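Observations on the model geometry
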Amino acid sequence: MTGEMIAFFFLALTAIAGGVLLINLTNVVHMVVALIFTFIAIAGIYVTLSAEFVAVVQVLIYSGAITIIMLFGIMLTRHQEKEKKLPRLKVILTGLAIGLFFLIMYGKIKDLDFGQQNAELHIDNTKKIGIELYSHYVIPFELTSVLLLVALIGSIILAKRDDDEKEAKK
Amino acid sequence: MSSIPLAAYLMLALILFCIGLFGALTKRNAVIVLISIELMLNAVNINLVAFAKYSINPGLTGQIFSLFTITVAAAEAAVGLAILIALYRNRQTVNVDEMDTMKR
Amino acid sequence: MNTYLLSILIFSPLLGVLVLLFTPSHDEKSIKWIGILGTLLPLGTALVTLSAFQMSGEGLQLAEKFQWVSYEVFQSKGDVSYPIFYEVGVNGLSMVLILLTSVVSVLAAIASFSIKKDWKSYFILFFLLEIGMLGVFAAQNLFLFFIFFEITLIPMFFLIGRWGYLEKEKAAYSFLIYNGVGSAILLIAFVTMFMKTGTMNFEQLAYTFSLPQSELNQLNITKNFKMGMLIALLVAFAVKLPVAPLHSWMVRVHVQAPPPIVMIHSGILLKIGAYGLIVFGAGLFPDQFKSLAFVIGLFGVINLLYGAFLAITQRDVKRVLAYSSVSHMGIVLIGLASVNEAGMTGAVFQVVSHGLISALLFFLVGVLYERAGSSNLKDFGGVAKKMPIFAGVMLAGGLASLGLPGMSGFISEFMAFLGLFEKMPVLAAIGTLGLILTAVYVLRAVLAITFGAEKELPNARDLSSTERIPAFILLAAILFIGIYPAWLSDMLRPTLDVILLGLGG
Amino acid sequence: MLQSSWLIPLFPLLSFILLLILRKSKSESTAWIGVLLTGISLVLSVGVWLAVWQGDFIKVEGTWFQIGERAITMGYEVNPLNALMLVIVSLVSFLVHLYSKGYMHGDERFPVFFAYLGLFSFAMLGLVLSPNLLQLYMFWELVGLGSFLLIGFYYFKPEAKAAAKKAFVMTRIGDVGLFIGMVLLFWQVGSFEYDEIFASVKNGDISSGMLTLTALCIFVGAIGKSGQLPLHTWLPDAMEGPTPVSALIHAATMVAAGVYLVAAMYPLFQASETALTVVAVVGGVTAIFAASIGLMQKDIKRVLAYSTVSQLGYMMLALGASGYVAGIFHLTTHAFFKALLFLAAGSVIHAVHTQNIEEMGGLWKKLRVTGPLFLIGALAISGVPLLSGFFSKDEILASTYADGKYGLFWLAVVAAFMTAFYMFRLFFLVFTGKPRGDQSGVHESPGVMTLPMIVLGVLAVVAGYLNTTWFGTFLSDYLARGPVELPHAEHHGPGWIPIVATAASLLGIALAYLIYRRGALSRDWMTRSLPGLSDVIYNKWYVDEGYDATFVKGTKGLSKLGILFDKYVVDGLVAAVVSGVQGLSKIGSRLQNGQVQSYGTFAIFGIVILLLIVALTGGYFS
Amino acid sequence: MDLDTLFSFEWGVMSPEFIILGTATLLSIIDLFMKRESSRKPLAWLAGAGVLASLVAIFMQLDQDVTSILYDTYRLDSFSKAFKILLLLGTLLVLVLASNYKKEDVEENRGEFYYLLLAALLGAMVMASSADLITLFVGLELLSLSSYIMAGLERKNKRSNESAFKYVVSGGIATAITLFGMSYIFGLTGETNLFRIAENMGNVELLKHSFLIVFAFIITFAGLTFKIAAAPLHMWAPDVYEGAPVPVTAFLSVVSKTAGFVILLRVIIITFIAAPGIGSEPLLLQVQPYVMILAAATMIIGNVTALRQRNIKRMFAYSSIAQAGYILVPFVSNSSLLFELIWFYLLAYLFMNIGAFTVIQLLTSQEGSNDIGVFRGLFKRSPWLAVPMTFFVLSLAGIPVTAGFIGKFGIFMGALGLEPAHYWLAAVMMATTLVSYVYYFNIIAIMFFRDGDSEGKRVSVPGSMAAVLAFCAASVLILGIMPDLALDFFYGNFDVNEFFMQIETEVHTHDH
């Protein structure tokens, strides 16, 4: 067993553990924190897959940005600390469907192997990505900027406090 | 050379995807629902990145795809949260199962 | 002129629509006149068409054809295109029905005095309905037929639902859904045939289906396919005709719709079913039709007896007439089932004759309802005293309905049974029971109103001079056909000969 | 002359149309239109008859319309049989027109009555002139229409309404038989023409089973029109119509149409022994059955009506017993004396305004014309020698005996006895004894009424000499020129037959005299001695009640059942489909519970199910 | 690759998108500098002008050959042109609705509203014009995100909030599912370019993984049914349609749905056209039954559930679910008439649905209720509103002389023209159509047969709305009477084969 293998197992376990905690914890904040572990572990997984740049982005965006805005979201809204369970039957049914889904997929991906791999992926990873983004994928890239702009404006107009509301408070 | 098989990554992704899905469908807190969706997208990203390395035609494409996914996911999370806050202002609740004024 | 004569005929009611659109809706008198004049226009055109029509001419006359819709398929089937044409034409059969349509429409328009509100929209819908009816009979391909067939549906829905009696909406929905079922099946059958053969034209289809089986195999047309198509068509038109047990919508419509509309519905719209059975059933799939003849005959007899039995104890004269229509449509089936000249002619005669008779009777019931505000038999008695002409015409109509010689009903009954007795004498003999039952219920209903001790009727006036026009014209037509049937049979013969040739009879 | 015979029915039709147009006229002189036009018909008919007597026949036909290659024809034909019928019909019709002028005096629908009479005469004459079965059938139905209109003339009377309806429906049952027989013959022969049918019968083109079947079907038609058992019940009820109508339709013409039909189709019947036997049996049984009912009726017209049924049975018996001439002979004589009787009865009713014989009595002195005429009629129908009824009845008995139908023969003799009895019961009750009702203001009818009666009275006496063994068999010779081959030229039964017949009728008269004139026997003698039987007879053997309980109730019951079926099964199925869709709709909207997570679960389920199907069908586990 | 190569592409072919992008940018800037109180009407005109200009640009491109930029991340072919016309036309009409929509919340953000509408349109257009998974995905998300925001635009309306949130959650899950499927498509072939994927799908090595291909197909397909609101991801539609502002609902039911079909056609048809199924059959043939089940389920669920609706917007949501089911029929049957049938139906659907929503917007905003009762006695009150509405409803129900009938007729041709014919699918479609008569005609019945108490209360119709109504009604009728106008246009200008035509643009190897 190579060190890479061990690292993978450790990271995978962390990621899954974070997920399991997300399901089982009752405190909302704890759930988010548990998920941070998962996100970071996934970043580690990316590293093992020679995707350093993606790993960094993962840490920045998921473990950083998204988790934090989610925490903000939790703080901004009043919520029960202890989450009540949903009706049991519903949970079981959902679990059953997802379990089946898992089993069906599992059976076919467990021996998926193309026997090929790209060994040079980590060389100049970031640079290559940059070049690709600005040449081959320039159109979706530019489109993404529009998308982010939309998200920005949208979030502002939706979440902004009304002026009249403020006046009313005064 | 790495000895970790492609299947291991895919399996991990599948597990996380299922957990995310389960969370999205059973958690009552809207924020958790949103974050569970993020987890699902993350699982997809693992797939993409793994396929970028192990595939018939390995290359950077998968990683780039995953970058777009991450961006989009972030935007989506932001918008989702904004909507949630607007909703919270009016309804004073973030419980998903209480959002059922429209049915039939 | 003759080139577009038929199209002019079909769409001539549009002129009325246009004029009405620019007539103020409060000017009821003008609207009424426009309504009547607007139906006279198609009648006039129909008469011109009749004069241009060669009685003994075989095949299609006054045909028009141009390409209308085209679907092109490039790849898999190798440049096959599916053109849909606008093609109309008349043969003896459709000429007769077009005449019937235009005549009954005029009379129904005159009879529309009983309509009390929204004259303008009433007549607009009325005109649209007439377009649909004229088009159905003139259409020469499945697509066009279907379109006109459906066009009749919508105005009818409105006319029943807005101007009908108490349960009008229910009746309108029944009408819509039942006929929807019929047209749904029809559409599936039509499109299937179209896709198999690449044509929608009646004659081409008939030709294609008559090819030897070896050639049909190339088109993937099996005997079973033909049988399936025929059964689909039979079911579809059975709804329209209607054949028991698919008749309850028709009863509802006859009871709830305003009288002039029932005149049209019972007089013409039901006949589309019969027309379809003849043209598509017997015309396209003669062999299969022949092998189903017994079933058709059986349904005919069932219809005849079922309708008659149910008519006997109805309390409402409208219901009596409605079930009588069910019964009389059984005679059409009987005629068709006999698959010979006599039966087929009888069926068409019945179509025309019942068109006139039921129009007359429903007109009279409308008059009665207008006077008394009721159509329950119990509320009437001895009407003959105050309304002798009404009573006389009603009796005459009833007698025509029960097939008294000298009136059109007799000829059709006689020929239909004559036909069936050749092929299935036992069934026919059972069917003749219907003739007795018909007499029973017709006399019961008619006599209950006109004979007996006089009951109070607030507005008992005899037929006014306006009301006499439709009554006498219809009665005259009934007598004319009853006394001189050759006029009709000569016109029909070439067309029926073609169909019978296919049937090998 | 013969070429214009087609005009004969048209004059009454013209009368019908003219009078219908003049229906609002208050003037009773409109009646003369009808009288005049039927008079012309009568003259023409006599002319035609004379021409036929000379030996001229005619048949003219043209295509009416075509069914494929087959032409359906219309036209007219004159032969000995129908020439005779023409005369009878137009004569009686003319006389009845005349009589009605007086009888209907004061009726507010006076012209309409004459219009109806015209329509009926038209139909009856047309029927007689028909050269083919189809045309006959059409006029046959129109005759029914005329009868219907006339019976229902007093439309405001519920009884008249019911009677008219009953007459139409009952005869229609028979008509359907005729219809079936006619159509079956058509497909056997390929034509409706009498000639061609007879030719086919002669050539043996039709199988014997089919012959019997068609003959019987046609006979069913005759049963209906002629009021034979079991379709006789309409005829007595039809007496609700004005009395002249009864004389015209229910004595002389329409009811005779059934007999005429059998006679006209005689070659067909001759070809089937079974058919003839059936005709004879039905006729014989009807004769005695109706006579028995006639014994106890209290309504003057009903007595006459049952008598008519009985006499028609005689005619059928004659035809069935190969007594072709005898049947027609009796048809002729009966037309005269029965019309006479009805008109006389009408005159009585006109005078006393009641039809119940219990309320009459002692009218002989007041009705000095009607009384004797009625007596002549009664004597004629009873078969008292030297009057017309005697000869024709004798002929029938002789034929029956000669044909070997001895049972029917004795039945007929008994019927003759009964006939004599009830006729004289009637006579004695009405004209003799003390008045039992209010008879103030009773006076003899006017001349327009008595004149036709006198004409008929004369004929009732002399018509019998048309065919006697004493003077000559004119009628027989005359009919022999027709298309029908007379079976065996003459039946000369044993010489004792007239004696027996005379004895039977005299016995009947004597018995009636004893009971109703002398009171030698108590009137309720029979009621007391045989209560059950008399009850049954008084109630007309409960036939009406029987029909009511079976056919009428049965039909109504079936109809009600049908309505229930329509409501619960036919509509119920539709309702089931509708509620099925609505149920689905309910489930659909319940699934849509507003919970976004449920939506997701639903989606995952959808996907998983699809994946499972793929896995299972694709051999995932193998 | 340097700037020269970058500039060497025919960027001109993207002019429709650039126009939209430019207009959107301009809008947001102008909006920023406008006074709060000033009317936003000019912005609507500007937005409309932009859409119109873009439309013109597309018409000018009609005879342009197939062009592709950067490995099909953008391609201009007949398919994209044909469907972009629909998208633009739909948005143009929705803009009119939006500019007339009066709600306080919306008023405040009206500028953003137009901007978002254009952004969503841009996403949809990119979807129509791309043959690359990544571009398609980003386009899809641009459309989705804008739609989420628009649905929630009435910030103070609880229903609007709720609908937006449900939309986000459902959409997020759907996105994840779609992506999960796509990741396998990508993974198995190592490509994001659709044509290359198709090539690689034929790879013999993949035969071992045929199950995964089918799974990927089903998951992707199911995920994509979200946009067209077809089963099994249809359940968001009624709630979102009900809560969203009417113009947004119109947009979702027409433009967004059209875009959904566009991406479905692109991804599914191109990618899997040569893919092997389990065993020896081709995949598309093998999965036909499953897609048929989905189509049938969609029609049944949509039509049957619509029966119980009293809320008019909700009813139209179910109606639009059902319509999606109809359009899936030719898709399922893989007919050779596939593109023209779908295109024609969507065109017809655009007119009838937007027309109907125009009337709905006018009525619901006047009456302040979404209950179907707002139609009560409309014929008496405003016949000129009732009559066009009748046309739209009849067209939706598929009654002749309307465009809807021709569309349905075409669908039948597609379903029945094959060997073996899909009789049962046609039967399901017909049966559910019958069911749909009940609720469609219910609207008519309410308008015509029930004279309400709101007698005399006429509905005021602004000029631009009247124009939309007239245009839609006329189009519905004209296309119903002369469908060749549209079909000839389609056949004359578009070559379906271009859809399958892979263009080898210069391949840039990574030489560094």
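Residues numbered from 1 in each chain as written. Chains lettered and ligands numbered in written order. Predicted model: local features only at pLDDT ≥ 70, side-chain atom pairs only at ≥ 80, totals over all residues. Heavy atoms only, no water.

- By the naming in an unreviewed UniProt entry, chain E goes by NADH-quinone oxidoreductase subunit N and is assigned to Fictibacillus phosphorivorans.
- Of the comments in the UniProt record for chain E, the one headed Sequence similarities (unreviewed entry) reads "Belongs to the complex I subunit 2 family." (UniProt positions renumbered as here; feature names shortened; annotations may be inferred.)

- With an unreviewed UniProt entry as reference, chain D is termed NADH:ubiquinone oxidoreductase subunit L, source organism Fictibacillus phosphorivorans.

Side note on the overall build of chain D
- In terms of helices and strands, chain D carries 25 helices and four strands.
- Each of the three principal axes of chain D carries a C-alpha extent, and together these read 115 × 60 × 55 Å.
- Every one of the 622 residues in chain D was classed for burial, and the buried ones make up 62%.
- In chain D, of all internal contacts separated by at least 6 residues, the share reaching a separation of at least 24 is 79%.
- Looking at chain D as shown, the accessible area adds up to about 21300 Å², and 67% of this sits on carbon and sulfur atoms.
- Charged side chains of chain D number 38 positive and 35 negative; the gap between the two group centres comes to 11 Å. (Helix = DSSP H or I, 4+ residues; strand = E, 2+ residues; numbered from the N terminus. Buried < 20%, exposed > 50% of the residue type's maximum accessible area, 1.4 Å probe, protein only. Contact = heavy atoms within 4.5 Å. Areas by Shrake-Rupley, 256 points an atom, 1.4 Å probe, with all protein chains shown as cover. Lys, Arg positive; Asp, Glu negative; His and termini not counted. Charge placed at Lys NZ, Arg CZ, Asp CG, Glu CD.)

Focus on the side chain of Lys120(C)
Residue and element names in this part refer to chain C.
- Structurally, the position occupied by Lys120 is in helix H5 (residues 119-138).
- It turns out Lys120 is buried and unbridged, and the closest side chain with the opposite charge, Asp118, is 10 Å from it.
- A polar contact of 2.9 Å, which involves the side chain of Lys120, links it to the backbone oxygen of Thr23.
- If we skip the residues at most four places from it in the chain, Lys120 touches Leu20, Leu21, Thr23, Ser25 and Ile31. (Salt bridge = Lys/Arg side-chain N within 4 Å of Asp/Glu carboxyl O. Polar contact = N/O pair within 3.5 Å; in protein donor to acceptor, adjacent residues only side chain to side chain.)

Details of the packing of aromatic side chains
- Enumeration over the complete set of coordinates arrives at 118 aromatic pairs over all chains.
- Ring centres 5.1 Å apart and planes at 75 degrees place the aromatic pair Phe113(D) and Phe153(D) in the edge-to-face group. Of the two residues, Phe113(D) sits in helix H4 (residues 110-129) while Phe153(D) sits in the loop between helix H5 (133-151) and helix H6 (158-189), which places them 40 residues apart along the sequence.
- According to the relative accessible area criterion, Phe113(D) is buried, its value standing at 0%.
- Classification of Phe153(D) as buried rests on a relative accessible area of 0%.
- Over the face of the ring belonging to Trp163(C) we find Arg162(C), whose NZ or CZ atom lies 5.9 Å from the ring centre.
- Over the ring of Tyr369(C) we find Lys318(C), and its NZ or CZ is 4.5 Å from the ring centre. (Phe/Tyr/Trp six-rings, centres within 6.5 Å; stacked < 30°, edge-to-face > 60°. Lys NZ or Arg CZ within 6 Å of the ring centre and 35° of its normal.)

Points about the arrangement of the chains
- Ranked by contact count, the leading pair among the eight pairs of chains in contact consists of chains A and B.
- Note that chain A does not reach chain C: the shortest distance linking a C-alpha of one to a C-alpha of the other is 33 Å.
- As for chain C relative to chain B, no contact occurs, and the smallest C-alpha gap between them is 24 Å.

Details of the environment of Ser307(D)
All names here are of chain D.
- Position of Ser307 relative to the elements: it lies in helix H14 (residues 300-320).
- Exposure remark for Ser307: the relative accessible area of 0% places this residue in the buried category.
- Once you skip the residues sitting within four places of it in the chain, Ser307 turns out to touch Lys338, Ile381 and Tyr422.

Here's the deal with the pairing of strand S2 (residues 70-78) of chain D
Residue and element names in this part refer to chain D.
- Note that strand S1 (residues 58-67) and S2 share nine bridges and pair antiparallel. Note on S2: the bridge partner recorded for Thr63 is Thr73.
- Hairpin connection, S1 to S2: the antiparallel pair is bridged by two residues, and Gly68 has positive phi, about 60 degrees. (Pairing = 2+ DSSP bridges.)

Some points on H6(D)
Residues and elements named next belong to chain D.
- Its 32 residues give H6 an end-to-end C-alpha distance of 45 Å, which sits within 8% of 46 Å, the value for a rise of 1.5 Å per residue.
- Of all the bends in H6, the largest measures some 25 degrees and sits at Ile173.
- Of all 32 residues in H6, 23 are buried; the element is thus mostly enclosed.
- Count one or two residues on from H6 and you reach Gly190, which has phi positive near 90 degrees. (Expected span 1.5 Å × (residues − 1). Bend = angle between axes of the 7 residues up to and from the residue.)

Topic: the interface of chain C and chain E
- Of the residues lining the interface, 41 residues belong to chain C; the matching set on chain E comes to 44 residues.
- Summed over both sides, the interface between chain C and chain E buries roughly 4000 Å², with carbon and sulfur atoms accounting for 71% of that surface.
- For Arg450(E), the salt bridge identified is with Glu169(C), shortest N-O distance 2.6 Å.
- When residues of the side of chain C that touches chain E are traced back to their parent elements, those giving at least two are strand S1 (61-73), strand S2 (80-90), helix H6 (142-163) and helix H7 (168-197) of chain C.
- Looking at the side of chain C that touches chain E, the element that brings in the most residues is H7(C), giving 14 residues.
- Classifying every residue of the side of chain C that touches chain E gives 26 nonpolar, eight polar and seven charged. (Buried area = accessible area lost by both parts, 1.4 Å probe. Nonpolar A, V, L, I, M, F, W, Y, C, P; charged D, E, K, R; others polar.)

Re the UniProt feature "domain: NADH-Ubiquinone oxidoreductase (complex I) chain 5 N-terminal" (unreviewed entry) in chain D
- Residues annotated in UniProt with the feature "domain: NADH-Ubiquinone oxidoreductase (complex I) chain 5 N-terminal" (unreviewed entry) correspond here to residues 64-114 of chain D.
- End-to-end, the C-alpha atoms of residues 64-114 of chain D are 30 Å apart, and along that stretch the chain is 57% helix and 25% strand.

Observations concerning the interface of chain A and chain B
- Each side of the interface is counted separately: chain A has 81 residues, and chain B has 73 residues.
- A combined buried area of about 7100 Å² lies between chain A and chain B, and 76% of that area is made up of carbon and sulfur atoms.
- It is Leu49(A), Met70(A) and Gln117(A) that lose the most area in chain A upon contact with chain B, and together they represent 9% of the buried surface on that side.
- Linking chain A with chain B are zero salt bridges, by the criterion used here.
- Joining chain A to chain B, the criterion identifies 10 residue pairs in polar contact (both at pLDDT 80 or more).
- Residue assignment for the side of chain A that touches chain B shows that the elements contributing at least two residues are helix H1 (3-24), helix H2 (28-48), helix H3 (52-76), helix H4 (88-109), helix H5 (125-134) and helix H6 (138-159) of chain A.
- Looking at which element gives the most residues to the side of chain A that touches chain B, the answer is H3(A), with 12 residues.
- Looking at the side of chain A that touches chain B residue by residue, the classes come out as 50 nonpolar, 19 polar and 12 charged.

Looking at the nonpolar core
- Tyr71(C), Phe145(C), Leu133(D), Met265(D), Phe331(E), Phe375(E) and Phe441(E) are the most contacted members of the largest nonpolar core, which totals 787 residues.
- Per-element tally for this core: the top contributor is helix H16 (residues 338-367) of chain E, with 21 residues.
- Once you skip the residues sitting within four places of it in the chain, Leu133(D) turns out to touch Leu178(D), Met182(D), Leu185(D), Phe192(D), Tyr194(D), Ile197(D), Ile218(D) and Met265(D).
- By size, the runner-up hydrophobic cluster in this structure holds 11 residues, among which are Val138(A), Ile69(E), Tyr74(E) and Leu76(E). (Core = buried A, V, L, I, M, F, W, Y, C linked by side-chain atoms within 4.5 Å.)

Comments concerning a nonpolar patch on the surface
- Together, Leu558(D), Leu561(D), Leu564(D), Phe565(D), Tyr568(D), Val569(D) and Leu573(D) make up an exposed nonpolar region whose accessible area comes to about 700 Å².
- Structurally, Phe565(D) can be placed in helix H24 (residues 543-591). (Patch = residues over 30% accessible without salt bridge, like charges linked within 9 Å, V, L, I, M, F, W, Y side chains within 5 Å.)

Topic: the pattern of salt bridges
- Within the structure shown, the criterion is met by 36 salt bridges over all chains.
- Where Glu17(E) meets Lys84(E), a salt bridge forms, and the shortest distance between an N and an O atom there is 2.8 Å. Of this pair, Glu17(E) sits in helix H2 (residues 15-33) while Lys84(E) sits in helix H4 (residues 78-100), and the two are 67 residues apart along the sequence.
- Here the salt bridges do not stand alone but share partners, grouping Arg91(B), Arg159(E), Glu162(E), Lys166(E), Asp239(E), Glu242(E) and Arg314(E) into one network.

Regarding the domain arrangement of chain D
- Splitting chain D by domain gives domain 1 (1-131), domain 2 (132-521) and domain 3 (594-621).
- Taking only C-alpha atoms, the centre of domain 1 of chain D and the centre of domain 3 of chain D are 88 Å apart. (Domains from an automatic or database assignment.)

Quick word on the packing of helix H2 (residues 13-21) of chain C against H5(C)
Residues and elements named next belong to chain C.
- In contact at an axis separation of 8 Å, H2 and H5 are set at 165 degrees when each is read in the N-to-C sense. Compared by their axis directions, H2 and H5 come out roughly antiparallel. Seen from above, H2 lies across H5 with left-handed handedness. Contacts between H2 and H5 involve Pro13, Leu14, Gly16, Val17, Leu20 and Leu21 from the former and Lys120, Phe123, Ile124, Phe127, Leu128, Glu130, Ile131 and Leu134 from the latter. (Axes fitted to C-alpha atoms, helices over the stretch in contact; angles between N-to-C directions. Parallel < 35°, antiparallel > 145°, perpendicular 65-115°, else oblique. Left-handed = near helix turned anticlockwise from the far one by under 90°.)

A few points about the confidence of the model for chain E
Residue and element names in this part refer to chain E.
- Across chain E, the average pLDDT comes to 88, with 96% of residues at 70 or higher.
- Contacts for the low-pLDDT stretch residues 506-512, under 50 throughout, to residues beyond four places or in other chains number 11 contacts.
- We note a pTM of 0.91 for the whole complex and an ipTM of 0.89 for its interfaces. (pLDDT = per-residue confidence, 0-100.)

Description of the packing of helix H10 (residues 243-252) of chain D against helix H11 (residues 254-264) of chain D
All names here are of chain D.
- Packing of H10 against H11 leaves a shortest axis separation of 3 Å and a crossing angle of 15 degrees. The angle between H10 and H11 falls in the class roughly parallel. Here Leu248, Ile249, His250, Ala251 and Ala252 of H10 come into contact with H11, specifically with Met254, Val255 and Ala256.
- Of the residues assigned to the contact of H10 with H11, the class counts are seven nonpolar, one polar and no charged.

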